[in-house]
Amino acid sequence: MKPDPAPAPAQPLPPGVVPGLPLTALAPMQDVTDLAFMRVIAHYGAPDFFFTEFFRVHPQSTPEKHILRSIDENSTGRPVFAQLIGEDLGHLARTVRELLRHPVAGIDLNLGCPAPKVYKKNVGGGLLREPERIDDILRLLRDLVPGLLTVKMRIGFEDQRHFLRVLELVNEHRVDLLSVHGRTVKEMYRSEVHYDAIAAAVRHVRCPVLANGNIVSAARAADVLATTRAAGVMIGRHAIRNPWIFRQCREQFAGQPVSRVTLAGVREYVGRLYRETTAPGLAERLHVNKMKKYLNFVGQSVDPAGAFLHDMRRTETEAALFAVCDRHLLAEPDREFAPAPFPGVVARPNCETPSAPSDGCSLETITA
Ligand SMILES: Cc1cc2nc3c(=O)[nH]c(=O)nc-3n(C[C@H](O)[C@H](O)[C@H](O)COP(=O)(O)O)c2cc1C
């Protein structure tokens, strides 16, 4: 069903890396999409757009300094949208005014975080139960944001009962770009993705839509675009696994051969990630643990038996970690890094096991 003609169309988005191709974006990921990670991704082929991890908005909040760095010190050459999570109108207004003093490409509202601690406060995915509240928030944000206002949403809380209403609100409040993760909040991260719902969003809203969820490779990105008719793709976990994915998407979209990644290339990526995420005062053990969280995703494409993952998870020092990397990645340096995860090789810990903590959208809890 097509909406009535819009009184004011969505504003134009910044041009993509290659104007005319479908868009690509790095999905916002808490504890991942910081300045260091954006730099690393840009080295291998930047997406058209970056999104920060979410700025929390509550009575005591001030924009988190480390997230602001990904905006203020952005050297990727690509625009960064600042994502917010919150529901109090006064505090949202205060935060937006503060963020607009920084070089943001736009303001993005999180309507999707599925962590119980978050949705129980009625923010993130919790708001999808209350379209009237979303109406108030989007009205406020549209009044405050002269530039681009964007929304990232799931397709519902436990079902899709309010989905079309939220899409109508996206139109009514002249949202400029909509990213749709094709799962409900209750479906978390591992169910099938409802690409048909993303296709419905594309038909219903006036602004461009980015399709999100399980886009594992450039070939899958092209399939999802064909199925959904979306304007582009947003990729999260599979960009941690394969930072070349945005360049590969552009090659695929342009009908060119898609570059092949070798295990030696992956070894170079791991070294770069380690160097970029080095920070004053970060103890070696903590740094190694942080690397293991990224490598949980990388390991899904190294070998079909998960031997790299098994060995990597047991390391505790920088030397041990890189010895494992050298053994698994440099023994056959020209072997291909699989374009998609090997079946059954899962990144752990798994947020959907009952014992897993779930206090946020965090690498501690989210797997692929
Ligand atoms: C570690 C992690 C942290 C995340 N943090 C956020 C966040 O801050 N804001 C948000 O909108 N989504 C967040 N997400 C969800 C992703 O943006 C994305 O919607 C989801 O991972 C599905 O896309 P993918 O299959 O490409 O990973 C997070 C996901 C992961 C894996």
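These numbers come from a predicted model, not from an experiment.

**Quick notes on the nonpolar core**
Thought 1: Leu178, Ala201, Val209 and Val233 are the most contacted members of the largest nonpolar core, which totals 112 residues.
Thought 2: Taken domain by domain, the makeup of this core includes at least three residues from each of domain 1 (23-253) and domain 2 (261-368).
Thought 3: Beyond its immediate stretch of four places on either side in the chain, Val233 contacts Pro22, Thr24, Leu210, Ala211, Ile215, Ala221, Val224, Leu225 and Cys249.

**Details of helix α12 (residues 284-298)**
Thought 1: The terminal C-alpha atoms of α12, which comprises 15 residues, lie 20 Å apart, in line with the 21 Å expected from a rise of 1.5 Å per residue.
Thought 2: Against the buried residues of α12 lie α9 (237-241), α11 (263-276), α13 (307-313) and α14 (318-329).

**Brief notes about the packing of helix α5 (residues 131-144) against helix α6 (residues 163-172)**
Thought 1: As a packed pair, α5 and α6 sit with axes 10 Å apart at the nearest point and diverge in direction by 15°. Between α5 and α6, the interaxial angle falls into the category roughly parallel. Here α5 and α6 pass one another in a crossing that is right-handed. Here Pro131, Ile134, Asp135 and Leu138 of α5 lie close against α6, whose contacting residues are Arg165, Val166 and Leu169.

**A look at the domain arrangement of the chain**
Thought 1: The domain architecture assigned to the chain consists of domain 1 (23-253) and domain 2 (261-368).
Thought 2: Taken over C-alpha atoms, the centre of domain 1 sits 25 Å from the centre of domain 2.

Cut-offs used in this document
Residues numbered from 1 in each chain as written. Predicted model: local features only at pLDDT ≥ 70, side-chain atom pairs only at ≥ 80, totals over all residues. Core = buried A, V, L, I, M, F, W, Y, C linked by C-beta atoms within 7 Å. Buried ≥ 20, exposed ≤ 12 C-beta atoms within 10 Å, placed from the backbone. Domains from an automatic or database assignment. Contact = placed C-beta atoms within 7 Å. Helix = DSSP H or I, 4+ residues; strand = E, 2+ residues; numbered from the N terminus. Expected span 1.5 Å × (residues − 1). Axes fitted to C-alpha atoms, helices over the stretch in contact; angles between N-to-C directions. Parallel < 35°, antiparallel > 145°, perpendicular 65-115°, else oblique. Left-handed = near helix turned anticlockwise from the far one by under 90°.

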